[in-house]
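# Residue-level structural notes
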Amino acid sequence: MSLISQFLGDETFDPFLSMINKCPVLTTPTDWKETSDAHVFISDLPGLKKEEVKVEVDEGRVLQISGERHVDDEKKENDKNNNYKWHRVERCRGKFQRRFRLPENAKVDEVKASMENGVLVVTVPKQEVKKPETKVIQIEGN
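Per an unreviewed UniProt entry, the protein chain is named SHSP domain-containing protein, and its organism is Crotalaria pallida. Note on the protein chain: under the UniProt heading Sequence similarities (unreviewed entry), the record states "Belongs to the small heat shock protein (HSP20) family."

This is the structure in C-alpha cells:
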C-alpha cells in the first residue's frame, strides 16, 4: 500500500505510487545537517555517476539536486536483433529532483559538491548574517 493510500485510507493498490515509495533514486533520500561553518546535504544516489547528477542554486536561494537514471540496455532493447527478454525489472529508472530553500546565512556563491560511491555531498558555507542596526531617533519639541 502506498503512503498516500495509507493516509487517505484507500486500500486500492497503485503500482506507480508503490514504486516511488520504494525507489530511492526517484525519491532521492537526502539528509540536511547544519554545522558551525556550513549547511551539508547528503543524498543517496545508488548506481549513478557524477555526470548523471546536476546541482544548481537559483537566484531565489533554492538548492536543486536533479538527474536521471537511464536504462542500461536501452539501446539494445530498441535493436530488433536482440536475443534476450526481460523476466523481471525491479531497479528504479527515471528522473528525480529535490529542492531545498537555503537560509539567509548561506553563501550561495561558494557551494561545493562531491560524489563518491553513489553518495552526493553538497556543502553550502555559512556567513555571518548582519543584524539590522537600531538607530535612535531624537524626538523634537517641548
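Ordered in space as β3-β4-β5, the three strands form an open sheet in which the pairing is antiparallel. If you trace the sheet from one side to the other, it starts and ends with β3 (53-57) and β5 (94-101), each paired once. Here the average twist between neighbouring strands, direction ignored, is 10 degrees. Bridging between β3 and strand β4 (residues 62-69) involves five bridges; their strand directions are antiparallel. When the sheet's bridge partners are listed, Glu-56 is paired in β4 with Gln-64.

On inspection of all chains with the given rule, the structure shows three aromatic pairs. When the ring of Trp-32 is compared with that of Phe-100, the centres are 6.1 Å apart and the planes differ by 80 degrees; the resulting orientation is edge-to-face. Here the residue Trp-32 occupies a position in strand β1 (residues 30-34), and Phe-100 occupies one in strand β5, the gap between them amounting to 68 residues. Ring centres of Phe-41 and Phe-100 lie 5.1 Å apart, and the angle between their planes is 45 degrees; on these two criteria the pair is classed as tilted. On the criterion of sequence distance, the pair formed by Phe-41 in strand β2 (residues 38-44) and Phe-100 in strand β5 is long-range, its members being 59 residues apart. Each of the two residues, Phe-41 as well as Phe-100, counts as buried. Through pairs of rings, three or more aromatic residues link up here, namely Trp-32, Phe-41 and Phe-100.

In this structure, Ser-43 sits in strand β2. Assessed through its relative accessible area of 0%, Ser-43 is described here as buried. Within polar-contact distance, the side chain of Ser-43 engages the side chain of Thr-30 at 2.8 Å. Residues within four places of Ser-43 in sequence aside, it is in contact with Thr-28, Pro-29, Thr-30, Ile-65, Gly-118, Val-119 and Leu-120.

Rules used in this analysis
Residues numbered from 1 in each chain as written. Predicted model: local features only at pLDDT ≥ 70, side-chain atom pairs only at ≥ 80, totals over all residues. Heavy atoms only, no water. UniProt positions renumbered as here; feature names shortened; annotations may be inferred. Pairing = 2+ DSSP bridges. Helix = DSSP H or I, 4+ residues; strand = E, 2+ residues; numbered from the N terminus. Axes fitted to C-alpha atoms, helices over the stretch in contact; angles between N-to-C directions. Phe/Tyr/Trp six-rings, centres within 6.5 Å; stacked < 30°, edge-to-face > 60°. Buried < 20%, exposed > 50% of the residue type's maximum accessible area, 1.4 Å probe, protein only. Polar contact = N/O pair within 3.5 Å; in protein donor to acceptor, adjacent residues only side chain to side chain. Contact = heavy atoms within 4.5 Å.

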